[in-house]
Amino acid sequence: MTLAFSQVAIIGAGAMGRGIAQIAAQAGSQVWLFDTQSGASAKACEAIGQTWDKLQEKGKLSPETVASHKTRLHKAASLQDLCGCDLVVEAIVEKIDIKKAVFADLEKVVAQDAVLVTNTSSLSVTAIAAGMQHPQRFAGYHFFNPVPLMKVVEVIAGLKTDAAACQRLSDYARQMGHTPVQAQDTPGFIVNHAGRGYGTEALRIVGEGIADFATIDRILRDQVGFKLGPFELFDLTALDVSHHVIESIYRQYYDEPRYRPNVITAQRLAGGVVGKKVGEGFYKYVDGVQQVPAEPPVPVVEHIPPVWVSPRAARRSELLQLLKDLGAKIETGQSPSPEALTIVAPLGFDVTTVAVVDRHDPARTVGIDMLVPDSATKRRVIATNPATRADMRDAAHALFARDGKPVSVIRDSGGFVTQRVVATIVNIASDMCQQRVCTPQDLETAVTLGLAYPMGPLAMGNRFGPDSILEVLFNMQTVYGDPRYRPSPWLRRRGAIGLSLMHEEE
Ligand code: NAI
């Protein structure tokens, strides 16, 4: 297949421009780098050359390949030098007026059929195109940092973009070794929109005093398989980037409660405690190494009372088997004996509500999160209610830790930690499908490649069951009275009918 674009211009030789220039030259295109800052293009060409030299030293590229890549990289002294290019990628400062001015100048220079794209991550493609003479050849081409390693690119059609231009951009993405996904021009496109559930919900849990940062990170890593906990991720991205993304998407969706920002990140940002790059974020860093607070020890308990499991517990037979395996004395009566530890496993409801509604003695009631099958997790999470006695809490902790699996004890919360975060991620993704931001398949691909989640959000919903996720959301809505947990119609229909969330047709 011939190259979709043989002459490519990159405007803005910063972090993103360099990365895009590198992969475009590797694909075989002639690449021109232009930057208004003097010496920036030369510095970028030098840096890309050094990257190739290093790959050669590691044996990943041959000397011939490196030499040929280098011949395809050029510095442009002015916009005029870009007149022969058939693709121009803009990766300059994120300011709409400056971007619009650049495209207005470019349209005077390039051929009428040249394709022009912006790498914006937060501005509307349609808004940048407004005022262009030929908006049909303009699109968003959103890469991720670092470009050569993050192998996904969002191809965004503005209101007037030609489908043929998007097709050509997708073909070119593949020629550069990237996976293209198609997105509608909506706030955050796919990846930054789908990514709202994880950190935002985790911040709310901290804000409610349910658990601390490190505990939430441990739970989500161990129960769901995220590589990084949400607070580790915030520290890596840094709050001077992520807080603005959260705020921008919230505002662009006219204060949609699902995307509501949190005062925690606003305050930390104001205080300069933004993340790893300054040595302190949610964690402290000593010589770049994250300092993780020690996990609370398992209490030493002399006597573990008999246990009684609520008939309404989620995954009840699995929970009973687990308790048996852990050597618990299980009561089988209609109600617990006066000394029994009562175990509930709600979906979405808090332990307090279950204890009150089901008339359990709250002092002896402890909850366990059974959304995720116990055999599929590396951690168990139990929750107390405000009346739980310390001896009952410690007994439950010691019992569930008997086989060595770590146990986190959190305060009472509708939906524990995993249920809340997973349900929020699945709900936002479902709503993106409902809005037709992209196809379910592209959503899964974009999130797995762009956010490195262990699986796409819809696959996550399927794994834990759309009906269980729906139950979590409905019940959380009752506990919190917050429209944030309102289930998306996409999820409601599929959950009700028993369809996979990946099922596209209605
Ligand atoms: P950067 O600050 O590293 O580089 C921007 C470059 O553009 C600078 O070298 C600057 O001198 C140059 N520049 C500014 N105005 C110019 C103009 N009028 N004409 C030519 N050159 C000009 O910025 P970065 O991080 O590379 O971001 C660039 C774009 O990519 C922004 O729109 C940003 O939102 C987007 N983006 C950034 C990501 C990131 O993680 N850094 C991820 C995805 C998109």
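Before reading further, recall that the structure is shown in the block above.
Residues numbered from 1 in each chain as written. Predicted model: local features only at pLDDT ≥ 70, side-chain atom pairs only at ≥ 80, totals over all residues. Heavy atoms only, no water.

Visitor: Is there a simple way to think about the site of the ligand in this case?
Guide: In the neighbourhood of the ligand, 21 residues make up the surrounding shell, with Met 16, Asp 35, Glu 94, Lys 99 and Asn 119 lying closest. Ala 15 places a polar main-chain atom, nitrogen or oxygen, 3.1 Å from an oxygen atom of the ligand. Ser 121 is positioned such that a nitrogen or oxygen atom in its side chain is 3.4 Å from an oxygen atom of the ligand. For the ligand, whose accessible area on its own is 830 Å², the fraction buried by protein is 73%. If you list the elements that add at least two residues to the shell around the ligand, you get helix H1 (15-27) and helix H4 (96-109). Looking at the shell around the ligand element by element, the count peaks at three residues for H4. (Near = heavy atom within 4 Å. Polar contact = N/O pair within 3.5 Å; in protein donor to acceptor, adjacent residues only side chain to side chain. Areas by Shrake-Rupley, 256 points an atom, 1.4 Å probe, with all protein chains shown as cover. Helix = DSSP H or I, 4+ residues; strand = E, 2+ residues; numbered from the N terminus.)

Visitor: What should I look at first to understand the pairing of strand E15 (residues 407-410) in this one?
Guide: Put simply, side chains in a regular strand alternate between the two faces of the sheet. The pairing of strand E14 (residues 380-383) with E15 spans four bridges and is parallel. Residue pairing across strands places Val 381 opposite Ser 408, the latter belonging to E15. Between the parallel elements E14 and E15, the chain passes through helix H15 (residues 390-400) in a crossover that is right-handed. (Pairing = 2+ DSSP bridges. Right-handed = clockwise from strand over helix to strand, strands pointing away.)

Visitor: Would you mind showing me how to read the packing of helix H18 (residues 457-464) against helix H19 (residues 466-480) here?
Guide: Helix-helix packing: each pair is described by the crossing angle between the helix axes and the interaxial distance. Axis separation between H18 and H19 bottoms out at 5 Å; the angle between their running directions is 95 degrees. One finds that H18 runs roughly perpendicular with respect to H19. Along the contact surface, H18 presents Gly 461, Asn 462 and Phe 464, while H19 presents Pro 466, Ser 468 and Ile 469. Tallied by class, the residues present in the contact of H18 with H19 amount to three nonpolar, three polar and no charged. (Axes fitted to C-alpha atoms, helices over the stretch in contact; angles between N-to-C directions. Parallel < 35°, antiparallel > 145°, perpendicular 65-115°, else oblique. Contact = heavy atoms within 4.5 Å. Nonpolar A, V, L, I, M, F, W, Y, C, P; charged D, E, K, R; others polar.)

Visitor: How do you make sense of the side chain of Lys 405 when you look at a structure like this?
Guide: Secondary-structure assignment places Lys 405 in the loop between H15 and E15. Polar side-chain contacts of Lys 405 include one of 2.6 Å to the backbone oxygen of Asp 374. Among the polar contacts listed, one links the side chain of Lys 405 to the backbone oxygen of Thr 377, at a separation of 2.7 Å. Beyond its immediate stretch of four places on either side in the chain, Lys 405 contacts Asp 374, Thr 377, Lys 378, Arg 379, Arg 380 and Phe 400.

Visitor: Would you explain the packing of helix H17 (residues 440-451) against H18 in this entry?
Guide: In the contact formed by H17 and H18, the axes pass within 7 Å of each other and the chain directions differ by 100 degrees. It follows from the interaxial angle that H17 and H18 lie roughly perpendicular. Residues Pro 440, Leu 443, Glu 444 and Val 447 of H17 form the contact with H18, whose own contacting residues are Pro 457, Leu 458 and Ala 459.

Visitor: Teacher, can you tell me more about the nonpolar core here?
Guide: Generally speaking, nonpolar side chains in soluble globular proteins are found buried as a group. Formed by 118 residues in total, the largest nonpolar core has its most connected members in Phe 231, Leu 319, Phe 400 and Met 460. The contact partners of Leu 319, leaving out residues within four places of it in the chain, are Val 309, Ala 313, Ile 343, Ala 345, Ile 368, Met 370 and Phe 400. Within the second largest apolar cluster, 35 residues are counted, among which are Ile 20, Ala 25, Ile 48 and Val 89. (Core = buried A, V, L, I, M, F, W, Y, C linked by side-chain atoms within 4.5 Å. Buried < 20%, exposed > 50% of the residue type's maximum accessible area, 1.4 Å probe, protein only.)

Visitor: It is not clear to me how the sheet that holds strand E11 (residues 307-309) should be interpreted in this structure. Could you clarify?
Guide: Sheet strands pair via backbone hydrogen bonds, and the direction of the pair is either parallel or antiparallel. Spatial ordering of the open sheet is given by E11-E12-E13-E14-E15, a layout of five strands whose pairing is mixed. Edge positions in the sheet fall to E11 and E15, since each has one partner strand and no second. Ignoring which end each strand starts from, the neighbouring axes of this sheet average 30 degrees apart. Pairing of strand E12 (residues 341-344) with strand E13 (residues 365-368) involves three bridges; the strand directions are parallel.

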